[in-house]
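Below, each chain spelled out in residue letters.
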Amino acid sequence: MAALYKSLWLIILQISLSFASKLNAPKVLLPYYSTVATNFTLEASDGCFTWRSTRPEVATVQIVPVHHGKECSNKAVVTAVSTQPNKLTSIILAEEQETGQMLRCDVIVDRIHSITVETTTRELYLEDSPESFEIKALDDELNTFSSLEGEEFDWTLVNDPESDVPAATILRILRFADTSYAAPPDVLTLESAGKQGNVALVEGIKTGSAKVNIKLKDPIYKDVSPAEVQLVVIDNLLLNPSYDVYLVQGQRIKYRVERFRQGKINEFLIAPGKSNVLETGREYEVTIEVYSKNPHKIYPSENLLIEGHFPTDFFEVLHSSKNGSYHVVRTVLKGFPDIKGTMKGIIKTNGEADLLPTPVEGSQSVEIYDPIQVLPPITVFPWEPSSRLTYQKMLKAIGGSGAFTWSSSAAAVATINSKGVVTTATVGSTVVTASDVKNTAHTGKAKVYVLPPSDIQFLPSPVEAEIGTTLDLPLALFADLSQNPRVLHHYDDCRLLKMEFKFSDKAVFQLVEGATAVESPVNTSCRAVQVKALTQGHTQLTASYRHASVNLQATVTIAAYNPLKPVDPEDIAVVAIGSSKDVVFQGGPLPWVLDTSKYHPRENLHIFRVLCKDLGDQTLTSTVANGPTAKNQFPASARATVQFSCAVPTSLQLYPVLKYPQSDVPCPITPESGQQDTVLRYPQSDLPYPITPVSGQQVRSRVVKRKELDEPSKTR
């Protein structure tokens, strides 16, 4: 009986285990496949399941491998593949391999009817953590779609009709990749392609009210109304002390208004004006206010006697009211001065001053900074509709306090992160603004364009190279900023654009592999083409850009030359005083093919006759170069040197150069034997002789003519 109970207990246990696994979703609602397929991950709590779809033309299912080598898993990805804009249903069945347990999920594929925004708050604090916003989609029965993975949305900022402050200066839409916050993988994938998903981060950068507008990018949903949410950005102010306080008569307490920003508490100073952070070159209104002990603000009547003290190094006072409570000043120098105010008393009706026994004094420290500039002021990026390449560039802000918030007026065209890095998205233009965090009224702006190419040029640069060396040829592509009048501006970077390069003579130069998109040495070009000189000569390099109806070409003539070197002598020439020698160099730049008039010398063999006039050693330098021309503004220059020595001969040796008739046998005496030379009386017998100076170096040879040997009176 005990064994029976034990087996019964085991059977019940197995049955209970077989029903322990559950799916994370019994029903799934997905949008139909228009331009992108939406996924949803099903997960069983335990076990290893095989998965199938009853209608794979509506929704497919693919397991997510967990154990290597197994064709079962507790996870599977469901993908809506139906392209019909009407409601269809498929059933996903999962069977556990060991127990045979069956799990079921109903997958409904339908059209999106409306979208809404989900968020935890609609009030953002200035310079606080960003708020996450998520789009939810509904069908015509107001059922919520289970997933919007892969769907592309357009997030834009819209001005509040009741405010004249631009929305881009109040709110900023952030990319998850530019923050420390985690994002769904599909949103990160869309961001990397310059797109936006159904989740986004929004932060407040200035107090005010603005709206965020979100709509589906898929053209099939053009009739779906955008979702819109109005947000208010408020300053994070704290009153210190923030609790009830009771005082006895005559006791005073000082309250402070503190601002909480970026995890820090800063005292909030009201005067002068609305901020104590100023900018050089601007005019400001400064009001000196006086308070009683209550504290009540003293009305600034005309007979109030107040003096304002503005350091003359930092301020120019343009106007002051009669009672001294109001001033218009212009800041002239960067620094951290103190503005002081003193209430001395009042002016009585008879015009006499009724002075206080102890004047009431106060001061306010201010910070004065130079105006903010964003560099470069204009940045132009290429746009290709087919490739939709994404470009990035870091902009630099100078001036101000050094801490800035960045915003883009058209985030759909280009976004900018907290570090000032611009990322392009689509064609158009936007204004990038750097706002001082200490006073958001102080801003610097730059214009960013994303436009298709309209012109191409090789910019002036060196176009001659010695064989074996390289040239970096700067190439500029331009876009039209306006048509009437036409305004062209160069791209900052065009290295990702596909271009073709061809030589008229491939033997002279070749493209350097892997280096055709090097950075340009010229600021106004967007890339450089690197070529290597192979053989002597000239060739034309043509750069071509083609896209749709756009066909742009630019050509440049380039030249390769042999190294300039001495050939006679190769290193040193020793010449007797009074004698001359032709010094020969070879190589160097060739005459410029487009203008040979400024070439020196005119031949590639450079011969100079040098006369020895006095004893000594000289270094002879030959320089070969073209003069600047319109097509060769930076001509190459080659230099080579030889040593030239002028010396006195100390000995003379004669060696015959004998030319025998073919029928005669030559004399066996050689100069190396040390024997006397026998000179036959042949008409062609000339004698060259070397001269050896005191230094021991050999001077150039001279030829003794036959008639000299025929004169018996002369020493041979």
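What you see is a predicted model; the values in this text were computed from it and never measured.

What counts and how
Residues numbered from 1 in each chain as written. Predicted model: local features only at pLDDT ≥ 70, side-chain atom pairs only at ≥ 80, totals over all residues. Heavy atoms only, no water. Helix = DSSP H or I, 4+ residues; strand = E, 2+ residues; numbered from the N terminus. Buried < 20%, exposed > 50% of the residue type's maximum accessible area, 1.4 Å probe, protein only. Contact = heavy atoms within 4.5 Å. Areas by Shrake-Rupley, 256 points an atom, 1.4 Å probe, with all protein chains shown as cover. Disulfide = S-S within 2.5 Å. Pairing = 2+ DSSP bridges. Axes fitted to C-alpha atoms, helices over the stretch in contact; angles between N-to-C directions. Phe/Tyr/Trp six-rings, centres within 6.5 Å; stacked < 30°, edge-to-face > 60°. Salt bridge = Lys/Arg side-chain N within 4 Å of Asp/Glu carboxyl O. Arc of directions from axis to C-beta. pLDDT = per-residue confidence, 0-100. Patch = residues over 30% accessible without salt bridge, like charges linked within 9 Å, V, L, I, M, F, W, Y side chains within 5 Å. Lys, Arg positive; Asp, Glu negative; His and termini not counted.

Trainee: Could you give me a rundown of the overall build of the chain, with the residues and numbers involved?
Mentor: On a plain count of helices and strands, the chain comes out with three helices and 54 strands. Within the span of the chain, comprising 716 residues, buried residues form 40% of the whole. By sequence separation, contacts in the chain at least 24 residues apart represent 62% of the contacts at least 6 residues apart. When the accessible surface of the chain is split by element, carbon and sulfur atoms take 51% of a total near 40000 Å².

Trainee: An account of the state of the cysteines is needed here, citing residue identities and associated values.
Mentor: If you walk through the whole model with that rule in mind, you get three disulfides. Covalently, Cys48 is tied to Cys72 through a disulfide, its sulfur atoms 1.9 Å apart. As the torsion about the S-S bond is roughly 95°, the Cys48-Cys72 disulfide counts as right-handed. Taken together, the positions of Cys48 in the loop between strand 2 (39–43) and strand 3 (49–53) and Cys72 in the loop between strand 4 (59–63) and strand 5 (75–80) put the pair 24 residues apart, joining distant regions of the chain. Residue class for Cys72 comes out buried when judged on its relative accessible area of 8%.

Trainee: How would you sum up the sheet that holds strand 20 (residues 283–287)? Please name residues and give values.
Mentor: Judged by pairing direction, the sheet is antiparallel, and its three strands sit side by side in the order 20-23-22 without closing on themselves. Each of the sheet's edge strands pairs with one partner strand only, and the pair in question is strand 20 and strand 22 (315–320). Averaged over all pairs of adjacent strands, the angle between their axes in this sheet comes to 30°, without regard to strand direction.

Trainee: Explain the packing of aromatic side chains to me, using residue names and the numbers behind them.
Mentor: By the definition in use, this model includes six aromatic pairs. Between Phe310 and Phe315 the ring centres are 5.8 Å apart and the planes differ by 65°, which places this aromatic pair in the edge-to-face class. The exposure class assigned to Phe310 is buried, which follows from its relative accessible area of 11%. Residue class for Phe315 comes out buried when judged on its relative accessible area of 5%.

Trainee: Can you lay out the pattern of salt bridges for me, pointing to particular residues and giving the numbers?
Mentor: For the structure shown, the criterion picks out 20 salt bridges. Glu57 is paired through a salt bridge with Arg55; the nearest N and O atoms lie 3.1 Å apart. Of the charged contacts, one joins Arg609 and Asp582 as a salt bridge, the two residues approaching to 2.7 Å between their closest N and O atoms. Taken together, the positions of Arg609 in strand 49 (residues 605–611) and Asp582 in strand 47 (residues 580–586) put the pair 27 residues apart, joining distant regions of the chain. A residue is classified by how much of its surface remains accessible, and Arg609, at 65% relative accessible area, is exposed. For Asp582, a relative accessible area of 29% gives the class partly exposed. Through salt bridges with shared partners, a single ionic network connects Glu283, Glu316 and Arg330.

Trainee: Describe helix 2 (residues 185–192), naming the residues involved and giving the relevant values.
Mentor: When helix 2 is considered as a whole, its buried residues turn out to be Asp186, Val187, Leu190 and Glu191. Projection of helix 2 onto a plane perpendicular to its axis shows the buried side chains occupying an angular sector of 140°, all on one side. The outward face of helix 2, more than 90 degrees from its buried face, is lined by the exposed residues Pro185, Thr189 and Ser192. Contacts made by the buried residues of helix 2 are with strand 12 (171–174) and strand 13 (199–204). Of the residues flanking the end of helix 2, it is Gly194, one or two places downstream, whose phi is positive at about 75°.

Trainee: I'd like to hear about unusual backbone geometry, residue by residue, with values.
Mentor: A cis amide bond links Leu375 to the next residue, Pro376, at an omega of -10°. Its location among the elements puts Pro376 in the loop between strand 27 (373–375) and strand 28 (378–382). Located in the positive-phi region is Leu142, a residue other than glycine, with phi close to 65°. Following the sequence through the fold, Leu142 ends up in the loop between strand 10 (131–138) and strand 11 (153–159). Judged by its relative accessible area of 61%, Leu142 falls in the exposed class.

Trainee: Just give me the short version of the sheet that holds strand 9 (residues 123–125), but keep the residues and values in it.
Mentor: Overall, mixed pairing links the four strands, which are arranged 9-15-14-11 in an open sheet. The strands lining the two open edges of the sheet, one partner per strand, are strand 9 and strand 11. The average angle at which neighbouring strand axes cross in this sheet is 30°, direction not considered. Relative to strand 14 (residues 208–216), strand 11 runs antiparallel, the two being bridged by seven bridges. Within the sheet, the bridge partner assigned to Phe153 lies in strand 14 and is Leu216.

Trainee: Mind laying out the confidence of the model for the chain, listing which residues take part and the relevant values?
Mentor: Here the chain shows a mean pLDDT of 82. Residues at 70 or above account for 80%. Ignoring residues within four places in sequence, the model shows residues 1–19, a span with pLDDT below 50, making three contacts including any to other chains. A low-confidence stretch, residues 263–273 stays under pLDDT 50, and its non-local contacts, those more than four residues away or across chains, total 26 contacts.

Trainee: Describe the pairing of strand 24 (residues 338–347), and please don't skip the residues or the numbers.
Mentor: A regular strand carries its side chains on alternate faces of the sheet. When strand 21 (residues 304–309) meets strand 24, the two strands line up antiparallel, connected through six bridges. In the strand pairing of strand 24, His309 is matched with Lys340. The pairing of strand 24 with strand 25 (residues 353–365) spans nine bridges and is classified as antiparallel. Its bridge partner being in strand 25, Ile347 is matched across the sheet by Ala353. In this structure, the hairpin formed by strand 24 and strand 25 is closed by a connection of five residues, where Gly351 is found at a positive phi of approximately 90°.

Trainee: Give a description of a nonpolar patch on the surface that names residues and reports values.
Mentor: Together, Val567, Leu605 and Ile607 make up a nonpolar patch on the protein surface, roughly 240 Å² of accessible area in all. Note on placement: Leu605 falls in strand 49. Residue Leu605 is classed as partly exposed on the basis of its relative accessible area, which comes to 43%.

Trainee: Run through the side chain of Asp186, naming residues and quoting values.
Mentor: In this fold, Asp186 is placed in helix 2. This buried residue, Asp186, is left without a salt bridge; Lys136 holds the nearest opposite charge, at 11 Å. With near-sequence residues (within four places) excluded, Asp186 lies in contact with Leu148, Glu149, Gly150 and Asn198.

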